[in-house]
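Structural characterization, general
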Amino acid sequence: MTVQAIKLPVLPMPYPVRVNRHRPALREESATWARDMGMLAAAGRPSAHRPIWTSSQFHAMAVDQLTAWALPDASLTDLRLNHRFNLWALAWDDYFASAFKRTGDLTGAHAFTARLHAFLPTEPGARLPAPANAVEEGMADLQQRLFPPKMAHWRRGLNRALARYIDAGVQELANSRAGRVPDLVEYAQFRRESFAAYTAPYSVELATGARIPEQIRYSRAFGALLDAFMDYMGMANDIASYQREVHDEHDVNNLVVVLQSALHLTVQEAMDAAADLVTARLRHFEHLIRNELPPVVQRAGLNHAARIELDAWLRGARSFLSGLHAWYTGALRYAPADGPFPAQRTSPAALPPAALSAAARYVPAPSGRTTPTHA
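In this report, the structure presented in the accompanying data block is examined. (Residues numbered from 1 in each chain as written. Predicted model: local features only at pLDDT ≥ 70, side-chain atom pairs only at ≥ 80, totals over all residues. Heavy atoms only, no water.)

**Remarks on the overall build of the protein chain**
- Looking only at helices and strands, the protein chain features 16 helices and 2 strands.
- Looking at the protein chain as a whole, 56% of its 375 residues qualify as buried.
- Across the protein chain, every contact between residues at least 6 apart in sequence was considered, and the portion connecting residues at least 24 apart equals 75%.
- A total of about 16,100 Å² of accessible surface is found on the protein chain, and carbon and sulfur atoms cover 54% of it. (Helix = DSSP H or I, 4+ residues; strand = E, 2+ residues; numbered from the N terminus. Buried < 20%, exposed > 50% of the residue type's maximum accessible area, 1.4 Å probe, protein only. Contact = heavy atoms within 4.5 Å. Areas by Shrake-Rupley, 256 points an atom, 1.4 Å probe, with all protein chains shown as cover.)

In structure tokens form, the structure reads like this:
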């Protein structure tokens, strides 16, 4: 089945999209930072590094739109920092695909990733190597902005999450070179790493100014909530980027391919099953917020201030998901190269009822077990 014959599912999104009021300022400075880092080609201006994007490629990504949609309540300072991390993550992704995935250079990918770890120190003040490419230049610049003491936990956690992200790229390449399609349960955990989803809770914290209360951060219910939050991001991206990853980059690390292989489905059946699974994860995320988190908060004895902070974080997490959803469905980055997909399925106004496919009825739990989804 050709890409153009596939009906791309329209994923439901119950949370409204809001736009950060600082988006105009973000748009104005977005290309400037990318040029300064050597990621974006600058007309008539030499660059110390090989550019990753042309001007048309850069503007088609609409990263300022993504950031402003995903983080509608952030201050300009926090929005700017998150935006540059978004730009960096996409720069890494496109550089890695061009330099290593398309060439199959696993040895080079290992060496590139090992060097990049030196730009992710766990403590401030560490001496960084001299950047050798635009990806390293961007990360070196970002690390200089993470020194304030109030951001210490955020910086350490973010760098650990970024380390998982870049390591996952090497594993993706190894899978593709070997033609090894990941197992479905294995893939759920792996996708959180390969999408950089572990960085998202920190972005929400920074944008809202609200920390996840320590009394509940490591509870089973909140851990499951974070898993569902992260699963939606990467798995929904697999649907939006199916052509880009599978047909352009020959990547096997995609939920549609995983389901097609595991359940012996056609591409269209796998695409629809992937949409059901993504929807199930969103339903589970909302179920946990409404039904399982309140008794955990009650038992933890959170005071009024901590509850307000938790509510602010949860509102931010919902906005993060709605912003990503809007970007997936609107950015030219995910449009097929030879035109849009044909007529799509009608998107329901709200989350669909429990009549989901067999693939979506059971979702991976943090332990690797399977647990039924909830209505």
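**Some words on helix α14 (residues 267–300)**
- Taking 1.5 Å of rise per residue, the 34 residues of α14 would be expected to cover 50 Å, and the 46 Å separating its terminal C-alpha atoms lies within 8% of that figure.
- Along α14, the largest kink reaches about 45 degrees and is centred on Leu-293; proline Pro-294 follows within four residues of it.
- Within α14, 24 of the 34 residues are buried, which leaves it mostly tucked inside the rest of the structure.
- Backbone geometry just downstream of α14 places Gly-301 in the positive-phi region, at approximately 65 degrees. (Expected span 1.5 Å × (residues − 1). Bend = angle between axes of the 7 residues up to and from the residue.)

**Focus: the environment of Asn-175**
- Positionally, Asn-175 belongs in helix α7 (residues 152–178).
- In the structure, Asn-175 is positioned 77 residues away from Val-252 in sequence and 7.0 Å away in space, judged by C-alpha atoms.
- Ignoring any residue separated from it by four or fewer positions in sequence, one finds Asn-175 in contact with Arg-180, Pro-182, Phe-190, Val-252 and Asn-253.
- Among the polar contacts listed, one links the side chain of Asn-175 to the side chain of Asn-253, at a separation of 2.9 Å. (Polar contact = N/O pair within 3.5 Å; in protein donor to acceptor, adjacent residues only side chain to side chain.)

**Regarding the pattern of salt bridges**
- Per the counting criterion, the structure on display carries 23 salt bridges.
- Here Arg-281 makes a salt bridge to Asp-231, at a shortest N to O gap of 2.8 Å. In this pair, Arg-281 is assigned in helix α14 and Asp-231 in helix α11 (residues 220–240), connecting sequence segments 50 residues apart.
- Residues Glu-286 and Arg-290 are paired through a salt bridge, measuring 2.8 Å at the closest nitrogen-oxygen approach. In this pair, Glu-286 and Arg-290 both sit in helix α14, 4 residues apart, roughly one turn of the helix.
- Among the ionic contacts, a cluster of salt bridges with common partners joins Arg-192, Asp-227, Asp-231 and Arg-281. (Salt bridge = Lys/Arg side-chain N within 4 Å of Asp/Glu carboxyl O.)

**Some details on the packing of helix α4 (residues 76–101) against helix α5 (residues 106–117)**
- One can describe the packing of α4 onto α5 by two numbers: an axis separation of 10 Å at closest approach and a directional angle of 155 degrees. Judged on the interaxial angle alone, α5 and α4 are roughly antiparallel. Two packed elements cross with a definite hand, and for α4 against α5 that hand is right-handed. Contacts between α4 and α5 involve Trp-88, Trp-92, Tyr-95, Phe-96 and Phe-100 from the first element and Gly-108, Ala-109, Phe-112, Thr-113 and Leu-116 from the second.
- Counted by class, the contact of α4 with α5 contains 8 nonpolar, 2 polar and no charged residues. (Axes fitted to C-alpha atoms, helices over the stretch in contact; angles between N-to-C directions. Parallel < 35°, antiparallel > 145°, perpendicular 65-115°, else oblique. Left-handed = near helix turned anticlockwise from the far one by under 90°. Nonpolar A, V, L, I, M, F, W, Y, C, P; charged D, E, K, R; others polar.)

**A few points about the packing of α14 against helix α15 (residues 304–330)**
- Where α14 meets α15, the axes come as close as 13 Å, and the angle between the chain directions of the two elements is 175 degrees. On the basis of the axis angle, α14 is roughly antiparallel to α15. Here Leu-282, Phe-285, Glu-286, Ile-289, Leu-293, Val-297 and Gln-298 of α14 lie close against α15, whose contacting residues are Arg-307, Leu-310, Leu-314, Ala-317, Arg-318 and Leu-321.
- In the contact of α14 with α15, the residues fall into 9 nonpolar, 1 polar and 3 charged.

**Focus on helix α6 (residues 134–143)**
- Most of α6 sits out of view: 9 of its 10 residues are buried.
- Residues of α6 that are buried: Ala-134, Val-135, Glu-136, Gly-138, Met-139, Ala-140, Asp-141, Leu-142 and Gln-143.

**Let's talk about the environment of Leu-128**
- One can find Leu-128 in the loop between α5 and α6.
- Overall, Leu-128 belongs to the partly exposed group, its relative accessible area being 26%.
- In the structure, Leu-128 is positioned 10 residues away from Ala-118 in sequence and 6.5 Å away in space, judged by C-alpha atoms.
- The contacts of Leu-128, once residues within four sequence positions are left out, are Ala-118, Phe-119, Pro-121, Ala-140 and Gln-143.

**Some words on unusual backbone geometry**
- For Ala-62, which is not a glycine, the phi torsion comes out positive at approximately 50 degrees.
- According to the relative accessible area criterion, Ala-62 is buried, its value standing at 14%.
- At Ala-196, a residue that is not glycine, the phi angle is positive and equals roughly 65 degrees.
- Within the secondary structure layout, Ala-196 lies in the loop between α8 (184–194) and α9 (200–208).

**Notes on the packing of aromatic side chains**
- If you walk through the whole model with that rule in mind, you get 14 aromatic pairs.
- Look at Trp-92 and Phe-96: their rings are 5.0 Å apart centre to centre, the planes differ by 25 degrees, and that puts the pair in the stacked class. Here Trp-92 pairs with Phe-96, and both are found in helix α4, just 4 residues apart, close to one helical turn.
- Consider the rings of Phe-100 and Phe-112, whose centres lie 5.4 Å apart with planes at 35 degrees: the pair is tilted. In this pair, Phe-100 sits in helix α4 while Phe-112 sits in helix α5, placing the two residues 12 residues apart along the sequence. The exposure classification of Phe-100 matches that of Phe-112, with both residues buried.
- These aromatic residues form a ring-pair network of at least three members: Trp-88, Trp-92, Tyr-95, Phe-96, Phe-100, Phe-112 and Tyr-165.
- Across from the ring centre of Tyr-198, 3.9 Å away, lies the NZ or CZ of Arg-164, which sits over that ring. (Phe/Tyr/Trp six-rings, centres within 6.5 Å; stacked < 30°, edge-to-face > 60°. Lys NZ or Arg CZ within 6 Å of the ring centre and 35° of its normal.)

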